[in-house]
Amino acid sequence: MAKHRMVIVGSGGHAKVCIDIARKSGEYEIVGLLDDDPEQCNKRVLGLEVLGGREKFEELLRDGVTHGFCGIGHNAFRLDITEHLKDAGFVVPILRHPMTSIGDSVEIGEGTILVAGAIVNADSHVGRACLLNTACSVDHDNILGDGVHISPGARLGGGVKIGDRVQVGIGATLLPNVSIGHDTIIGGGAVVLRDVPCNAKFVGVPARPM
């Protein structure tokens, strides 16, 4: 079966993860990378050339590149570029490492990536352009908004609700049924016992506002 031709936006560390997972899927031929920083042009990342910036979208589509993916770790940028790819006419897929466990009833939005060891259990909803990082755990009946990053080793109990563009830090724990407001950061190792408002930063055990 012919592979889908794909371009990845980004050339940093997260782009490397995206490249690796896309290659492991066997579904994509990655034609190159895009980066709006002109100093990155012609750089090579895992054997792929940085072809230019987003001004290349139309040219790539004309050349038969049908799929695009954002390989940038920053939540707001990842969400914005995912929308830009879609609006330009690219198909924005879901990337999933083969060593993940996803419940049959889970819903996942386009542009989301699930890294090795990620677990998402039954009846959870994951929004668009999310990053579920290495060995994180999202239990049943969770609702994750768009542009969310669940960092490596973070654990979410059942019934957790997370707003858009939230960052849950490495090794953080969210107890069942807590809600996290939009654009909030939960620090690494924090233990969240109760609801957290929008535009906040909570750290510590138990988690408290900074």
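Up top is the structure.
A brief look at the structure comes next.

Reading the values: rules and limits
Residues numbered from 1 in each chain as written. Predicted model: local features only at pLDDT ≥ 70, side-chain atom pairs only at ≥ 80, totals over all residues. Heavy atoms only, no water. Salt bridge = Lys/Arg side-chain N within 4 Å of Asp/Glu carboxyl O. Buried < 20%, exposed > 50% of the residue type's maximum accessible area, 1.4 Å probe, protein only. Pairing = 2+ DSSP bridges. Helix = DSSP H or I, 4+ residues; strand = E, 2+ residues; numbered from the N terminus. Right-handed = clockwise from strand over helix to strand, strands pointing away.

1. Focus: the pattern of salt bridges
Close approach of charged atoms allows side chains with opposite charge to pair. By the definition in use, this model includes 10 salt bridges. Between R44 and E49 there is a salt bridge, and its shortest N-O distance comes to 3.9 Å. Here R44 falls in the exposed class, since its relative accessible area comes to 53%. The class for E49 is partly exposed, based on a relative accessible area of 29%. D80 is paired through a salt bridge with R54; the nearest N and O atoms lie 4.0 Å apart.

2. Description of the sheet that holds strand β17 (residues 161–162)
With parallel pairing, five strands are arranged side by side in an open sheet as β8-β11-β14-β17-β20. If you trace the sheet from one side to the other, it starts and ends with β8 (107–108) and β20 (179–180), each paired once. Sheet topology places strand β11 (residues 125–126) next to strand β14 (residues 143–144); two bridges connect them, and they run parallel. Across the sheet, H125 pairs through a bridge with I143, a residue of β14.

3. What about the pairing of strand β2 (residues 28–34)?
Where burial is concerned, most of β2 is hidden: five out of the seven residues are buried. One ladder, built from six bridges, connects strand β1 (residues 4–9) with β2; its direction is parallel. If you follow R5 over to β2, its bridge partner there is E29. Taken together, β1, helix α1 (residues 13–25) and β2 constitute a β-α-β crossover, and its handedness is right-handed.

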